Amino acid sequence: MLTPVTDPDGAPFWQYAAQGELRVQACADCGELRFPPRPCCPHCRSFDTEWHLTDGRGRVWSYAVPHPPLLPDYAAQAPYNVVVVELEEAPRIRLVGNLVSEAGAALNSLDPHRVRIGARVHAVFSDGLVQWMLS
Amino acid sequence: MTGVGGLKDATAIVGIGQTPFAKHLPEDERTLACKAVLAALDDAGIAPGEVDALASYTMEETDEVELAKAVGFGDLTFFSKVGYGGGGSCATVAHLAAAIATGQATVGVAWRSRKRGSGPRPWTNTAVQLPTPAQWTRPFGLLRPADEIAVLARRYMYEYGATRDHLFNVALACRNRANQNPAAIMYDRPLTREMYMTSRWISEPLCLFDNCLETDGALACVVVSRERARDCRHTPAYLHSAAQGLPAQHHGMVNYWNDDPLTGPAWTAARHLWKHADFTPQDVDVAQIYDAFTPLVPLSLEGYGFCGRGEGGAFTEQGALEIGGRLPLNTGGGGLSEAYVHGFNLINEGVKQLRGTSTAQVPGAATCLVTAGEGVPTSALLLRS
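Not measured: the values here are computed from a predicted model.

About the thresholds
Residues numbered from 1 in each chain as written. Chains lettered and ligands numbered in written order. Predicted model: local features only at pLDDT ≥ 70, side-chain atom pairs only at ≥ 80, totals over all residues. Contact = placed C-beta atoms within 7 Å. Nonpolar A, V, L, I, M, F, W, Y, C, P; charged D, E, K, R; others polar. Pairing = 2+ DSSP bridges. Helix = DSSP H or I, 4+ residues; strand = E, 2+ residues; numbered from the N terminus. Axes fitted to C-alpha atoms, helices over the stretch in contact; angles between N-to-C directions. Parallel < 35°, antiparallel > 145°, perpendicular 65-115°, else oblique. Left-handed = near helix turned anticlockwise from the far one by under 90°. Core = buried A, V, L, I, M, F, W, Y, C linked by C-beta atoms within 7 Å. Buried ≥ 20, exposed ≤ 12 C-beta atoms within 10 Å, placed from the backbone. Domains from an automatic or database assignment.

### What about the interface of chain A and chain B?
Next up, step 1: Opposite the 31 residues of chain A that make contact, chain B presents 29 residues.
Next up, step 2: Of the residues that constitute the side of chain A that touches chain B, the class distribution is 22 nonpolar, seven polar and two charged.
Next up, step 3: Sheet topology places strand S3 (residues 57-66) of chain A next to strand S5 (residues 201-204) of chain B; two bridges connect them, and they run antiparallel. Residue pairing across strands places A:Pro66 opposite B:Ser203, the latter belonging to S5(B).

Written out as structure tokens, the structure is:
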């Protein structure tokens, strides 16, 4: 399985995820949330950032169900869902992930037919990655 | 408008060339590039020694030095490469036009050579950071361009009621044109609705026939000033308007992180394209719209102003994209059914339409829109005869 190849802007996200927290980069001056992380606030051009703790609740914005050909570790689990989740408290912050039956479960642990746009979901954590479960 | 009007009809495409298209060609990419470029120059009636400008894609692996020394170009005074994969196709021609219109060069060649049919699929390379925010997507199995677009396609279908039949209409129009084009990979392979609806999934909601071909091949074209164009062998295809488009807060193929992810680079390019044009979308006789995936076509139909927001799916109904329809599409077969060479075949097909030599000729075609990849920083051309 591929692990996140992080950069200086993204690394804090993964450090917090490893601690079981879903935090999103925010401007320390104007407070705007932004994702993906980047060096400078596109609203006020401030370089001061903080990491806003979210409650991990969201809704499925869209999803795909990949089938082979895929990289071998992914082909072995296909078909599986990949969801884009919109955070309830910040609808323009969207995170790509997988809807699973429980934390740490395989990508194909939930029947793809149970995935719906608009479904309420919440974040769970496993091996430093954020996963999602139906709420 | 002095200055900004300086590009309008100032240059023309006067030569086009291509190699055969196949799943596997024996020649390497460099050889294919040389053959396509020499074919385009021969078509124009211009000697290689007169070429002084080049433009291609950043993903092109035959560089200017290799090409120039192999085919015997003269001294080059302008060379440029455009990024973002298939989003750069039309911009190669636009950069040459700008160089020629401003006196930096006189004869420009744009080209693309690619062994995507027999070579590796870029997404299988796990050692490099692909030009997407890979850390946010690839660990979760969003691995391929088809997966990235499938997410946007699902949302588009959900918001606007577009259906798989609408996507089929796109695939069918391209296949029908390929069935008229002996150079097309799918020349002798008709497509039916049953084949489409029962084909295997690649990334739901996209099936096999929603995805472009994987092709070995190369193409090139030659750009000169409008004065020089009059002395060339064929009817010039004048470059009426050209634009690139990178919208504010755009994220490439994983454009999930802004206010309106379904408004892509096409909208940005289109605003500039039409601002500098003497005609409107209603005046376009034939369109060559980038079709790496079928959903890019309804999105582009909206972006370039052929219909309203959310109407791209419905636009494809009642044969609108076929010959005789409201907007004949991808008349050589496009990336879906002629060849996928990062959209360069769409440029050359646009020129054929304006010359009147397409294998699926739109009678009297005098204006053609050509677009580059939607869903990535893009570019577009308006050509006229």
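### A word on the packing of helix H1 (residues 29-44) of chain B against helix H2 (residues 64-71) of chain B
When two helices pack together, their arrangement is given by the angle between the helix axes and by the axis-to-axis distance.
Residue and element names in this part refer to chain B.
Next up, step 1: Viewed as axis vectors pointing N to C, H1 and H2 meet at an angle of 60 degrees, and their least axial separation amounts to 10 Å. Classified by the angle their axes make, H1 and H2 are oblique. The two elements H1 and H2 cross, and the hand of that crossing is right-handed. For the pair H1 and H2, the contacting residues are Arg 30, Ala 33, Cys 34, Val 37 and Leu 38 in the first and Glu 66, Leu 67, Ala 70 and Val 71 in the second.
Next up, step 2: The residue makeup of the contact of H1 with H2, split by class, is seven nonpolar, no polar and two charged.

### Some details on the nonpolar core
Next up, step 1: One finds B:Ile13, B:Val93, B:Cys221 and B:Val222 to be the most contacted residues of the largest nonpolar core, which totals 160 residues.
Next up, step 2: Broken down by element, this core gets its largest block of residues, nine residues, from helix H3 (residues 89-101) of chain B.
Next up, step 3: The residues that make up this core include at least three from each of domain 1 (8-53) and domain 2 (55-135) of chain A.
Next up, step 4: Once residues lying within four places of it in the same chain are set aside, the contact partners of B:Val222 are B:Ile13, B:Val14, B:Gly15, B:Ala40, B:Leu41, B:Ala44, B:Ile46, B:Val107 and B:Val109.

### Looking at unusual backbone geometry
Next up, step 1: In this structure, A:Pro79 follows A:Ala78 across a cis peptide bond, with omega equal to -5 degrees.
Next up, step 2: Mapping A:Pro79 onto the fold places it in the loop between helix H2 (72-75) and strand S4 (82-87).
Next up, step 3: At the junction of B:Glu204 and B:Pro205, the peptide bond is cis and its omega measures out at 15 degrees in the coordinates.
Next up, step 4: Tracing the backbone shows B:Pro205 in the loop between S5 and strand S6 (206-207).
Next up, step 5: Of note, the phi angle at B:Gln249 is positive, near 55 degrees, even though the residue is not glycine.

### Here we look at the environment of B:Leu246
Residue and element names in this part refer to chain B.
Next up, step 1: Within the secondary structure, Leu 246 is located in the loop between strand S8 (237-245) and helix H8 (265-275).
Next up, step 2: For Leu 246, a count of 16 C-beta atoms within 10 Å corresponds to the partly exposed category.
Next up, step 3: With sequence-adjacent residues up to four places away left out, Leu 246 is seen in contact with Pro 265, Thr 268 and Pro 377.

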